[in-house]
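Working through the structure, step by step
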Amino acid sequence: MPGQLSLPGFDAPSQPTDRLFFAIFPGATAAARIAQLAQHLRGEHGLKGRPLATERFHITLHHLGDYVGLPQSVVAAAGDAAAAVVMSPFEVAFDRAGSFSGRPRNRPFVLRAGDGVAALRAFQQTLGEAMKKTGLGRWVEPQYTPHVTLLYDDRHVAEQAIETIGWRVHEFVLVHSLLGQGLHVPLARWPLRV
């Protein structure tokens with residue numbers, strides 16, 4: 001509306017405040033092992049970045065966008081997609097660690113895998129197909145690199161073999177991330193089933 005007044009302190013935020021994504025979280029034992037490994041590798045490579053909190057370790061399946069506020073229409077469509085997925089529980093195993101390249105600063109230092117994530121890749125694709133059917137196809141990435149972020153650091157660490165860390169996946173989660181606050185709030189969980 002032309003001439004509409006704006007009150008100080010009530011302007012709409014210009015930066016996104018909320019992120020949505022589908023994720024898989026490790027069980028407590030695997031998360032504790034990941035935390036120990038993150039501390040060990042941090043010291044071994046002289047990294048300065050702090051490892052993520054143990055409860056934040058996860059595998060992102062699909063990013064569903066960054067928003068100002070929580071878009072209920074996207075949450076509903078994500079729920080419909082998730083409810084349509086039928087898959088048995090499966091194993092994941094990560095056997096390498098290294099930095100993602102591409103960013104000169106604040107590089108993700110991550111766990112990666114070779115053959116230990118074939119079922120995870122199949123699940124991620126199945127969920128992506130369900131997302132397309134509920135109008136969320138724009139968020140389905142053609143390339144998928146399964147990983148668990150350990151920390152962020154300015155240094156680049158070449159990929160190296162590690163003792164395998166794995167777990168059985170029984171569920172996946174729709175996560176609401178509060179950007180800049182380091183908070184991941186599970187909105188809904190779906191068990192894997194046949």
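This report concerns the structure included in the present document.

This part covers the overall build of the protein chain. Looking only at helices and strands, one finds three helices and eight strands in the protein chain. Its C-alpha atoms give the protein chain principal-axis dimensions of about 65 × 45 × 30 Å. Of all 194 residues assigned to the protein chain, the portion counted as buried reaches 42%. Of the roughly 10700 Å² of accessible surface on the protein chain, 52% is carried by carbon and sulfur atoms.

This part takes up the packing of helix α2 (residues 72-84) against helix α3 (residues 118-133). Running from N to C, α2 and α3 point in directions that differ by 130°, and their axes come no closer than 8 Å. Classed by the angle they form, the pair α2 and α3 counts as oblique. Of the two possible hands of crossing, α2 and α3 adopt the one that is right-handed. Residues A81, A82 and A84 of α2 pack against L127, A130 and M131 of α3.

Let's shift gears to the layout of surface pockets. It is the rolling of a water-molecule-sized probe over the atoms that shows where space remains empty. Approximately 930 Å³ is the volume attributed to the largest pocket. Lining the largest pocket are 30 residues, with R19, T60, H63, H147 and Y152 sitting closest to its centre. Looking at the lining of the largest pocket, the elements with two or more residues in it are β1 (18-24), β2 (59-67), β4 (107-112), β5 (148-153), β7 (171-178) and β8 (183-191). If you tally residues by element for the lining of the largest pocket, the top one is β2, at four residues. Roughly 230 Å³ of volume is contained in the second largest pocket. Together, 15 residues line the second largest pocket, and F25, P26, E55, E171 and R189 are the ones closest to its centre.

This part covers the pattern of salt bridges. If the charged atoms of two oppositely charged side chains come close together, the side chains can form a pair. By the definition in use, this model includes eight salt bridges. As a salt-bridge pair, R168 and E91 come within 3.0 Å of each other at their nearest N and O atoms. Here E91 lies in strand β3 (residues 90-99) and R168 lies in strand β6 (residues 160-169), a separation of 77 residues in the sequence. For E171, the salt bridge identified is with R189, shortest N-O distance 2.7 Å. Here the residue E171 occupies a position in strand β7, and R189 occupies one in strand β8, the gap between them amounting to 18 residues.

With that settled, consider the pairing of β4. The buried fraction of β4 is high, at five of six residues. With four bridges connecting them, β3 and β4 associate as antiparallel partners. Each residue of the ladder has a partner; that of S99, found in β4, is F109.

Extensive coverage of β5 is indicated by the burial of five of its six residues. Note that β4 and β5 share five bridges and pair antiparallel. Note that in β5 the partner of F109 across the bridge is L151.

This paragraph deals with the sheet that holds β5. Taking strand neighbours across the sheet as the criterion, the four strands line up as β5-β4-β3-β6 in an open arrangement whose pairing is antiparallel. The sheet is open, and its two borders are formed by β5 and β6, each paired with just one other strand. Each strand of the sheet is rotated relative to its neighbour by a mean of 30°, with strand direction disregarded. Sheet topology note: the β3/β6 ladder contains seven bridges and is antiparallel. Looking at β6, one finds that A97 is bridged to Q160. Across the face of the sheet, helix α1 (residues 28-45) comes into contact with β3, β4, β5 and β6 while running at roughly 165° to β6.

So, how was this worked out
Residues numbered from 1 in each chain as written. Predicted model: local features only at pLDDT ≥ 70, side-chain atom pairs only at ≥ 80, totals over all residues. Heavy atoms only, no water. Helix = DSSP H or I, 4+ residues; strand = E, 2+ residues; numbered from the N terminus. Buried < 20%, exposed > 50% of the residue type's maximum accessible area, 1.4 Å probe, protein only. Areas by Shrake-Rupley, 256 points an atom, 1.4 Å probe, with all protein chains shown as cover. Axes fitted to C-alpha atoms, helices over the stretch in contact; angles between N-to-C directions. Parallel < 35°, antiparallel > 145°, perpendicular 65-115°, else oblique. Left-handed = near helix turned anticlockwise from the far one by under 90°. Contact = heavy atoms within 4.5 Å. 1 Å grid on protein atoms, 1.4 Å probe; cavity = no way out; pocket = protein on both sides within 12 Å on 5 of 7 lines; lining within 4 Å. Points joined across faces, edges and corners; volume = space filled by probe spheres on them. Salt bridge = Lys/Arg side-chain N within 4 Å of Asp/Glu carboxyl O. Pairing = 2+ DSSP bridges.

Function-wise, these values are silent; they only describe arrangement.
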